[in-house]
Amino acid sequence: MNQKHSQPADIEKTSMAIIEAELQEKGIVLPEENAAVVKRVIHTTADFEYVENLYFSKGAVKMTAKALKENAVIVTDTNMAKAGISKVALQKLDGAVYCFMADDEVAAKAKETGSTRAAASMEKSAELYPAAVFAVGNAPTALLKLCELMENGLRPALVIGVPVGFVNVVDSKERLIEICEKYSVPVIVARGRKGGSNIAAAVCNALLYTAADMLDPVARGW
């Protein structure tokens, strides 16, 4: 094996160049505003179907990048997504990422109300950080709770709806799009069954890198 690249920045740049070349071969031209997010998700998954199933509300990336410069707070529904979100970019933006799935108060609330921890964690997150970016990569119940909270006045900076699976996944994503469009809340959704915590983190990182001028991996100290 002839190993041409060993440094992280070189590997990422070459990977992105390969992605861009394959998109061109397929005759795909990504909207400039959304390109960084789509390519970051493809880079994470090696799955070009995300070109088709990633849904962006109008101006979502631009508005979220602006919001992150002013208030870089992200809430996730899994500690896996939290772990995958760039701490370097958050630090540059003086931001933070939270997940309350393991919180004792959330567990007690879920038991008391007969809901899931994911739903209860969204309630707590909304109380503490109503203007945050909410990134859901696992639980449809978290998306449905956010829809309910938006019906009652919650206005996040962005909702990322990318849970993976078979039960209530597709319907919850479509409901999220409907509610976010109704209340002019920016939204990014992976339509269909695909998604996951890694996708939630990838979307967050693309947005953070955009806001922090760190799309070039060299800017991240790589």
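Calculation rules
- Residues numbered from 1 in each chain as written.
- Predicted model: local features only at pLDDT ≥ 70, side-chain atom pairs only at ≥ 80, totals over all residues.
- Heavy atoms only, no water.
- Phe/Tyr/Trp six-rings, centres within 6.5 Å; stacked < 30°, edge-to-face > 60°.
- Helix = DSSP H or I, 4+ residues; strand = E, 2+ residues; numbered from the N terminus.
- Buried < 20%, exposed > 50% of the residue type's maximum accessible area, 1.4 Å probe, protein only.
- Salt bridge = Lys/Arg side-chain N within 4 Å of Asp/Glu carboxyl O.

The next point concerns the packing of aromatic side chains. To describe a pair of aromatic rings, you give the distance between the ring centres and the angle between the ring planes. Within the structure shown, the criterion is met by 2 aromatic pairs. Ring centres of tyrosine 98 and phenylalanine 100 lie 6.1 Å apart, and the angle between their planes is 5°; this geometry places the pair in the stacked category. Ring centres 4.5 Å apart and planes at 10° place the aromatic pair tyrosine 98 and tyrosine 129 in the stacked group. Here tyrosine 98, found in strand 3 (residues 96-99), pairs with tyrosine 129, found in the loop between helix 8 (117-128) and strand 4 (133-136); they are 31 residues apart in sequence, far enough to count as distant. The partly exposed category is assigned to tyrosine 98, whose relative accessible area is 27%. Note on tyrosine 129: relative accessible area 24%, which makes it partly exposed.

The next subject is the pattern of salt bridges. Oppositely charged side chains may form a pair once their charged atoms are brought near each other. By the definition in use, this model includes 16 salt bridges. The salt bridge involving lysine 39 is made with glutamate 20; its shortest N-O contact spans 3.3 Å. In this pair, lysine 39 is assigned in helix 2 (residues 32-45) and glutamate 20 in helix 1 (residues 8-25), connecting sequence segments 19 residues apart. On the basis of relative accessible area, glutamate 20 is assigned to the partly exposed category, the value being 27%. A salt bridge links lysine 145 to glutamate 123, with the shortest nitrogen-to-oxygen separation between them at 4.0 Å. Linking lysine 145 in helix 9 (residues 140-151) with glutamate 123 in helix 8, this pair joins segments that are 22 residues apart in sequence. A relative accessible area of 14% places lysine 145 in the buried class. Among the charged side chains, a salt-bridge network with shared partners connects Lys109, Glu123, Lys145 and Glu148.

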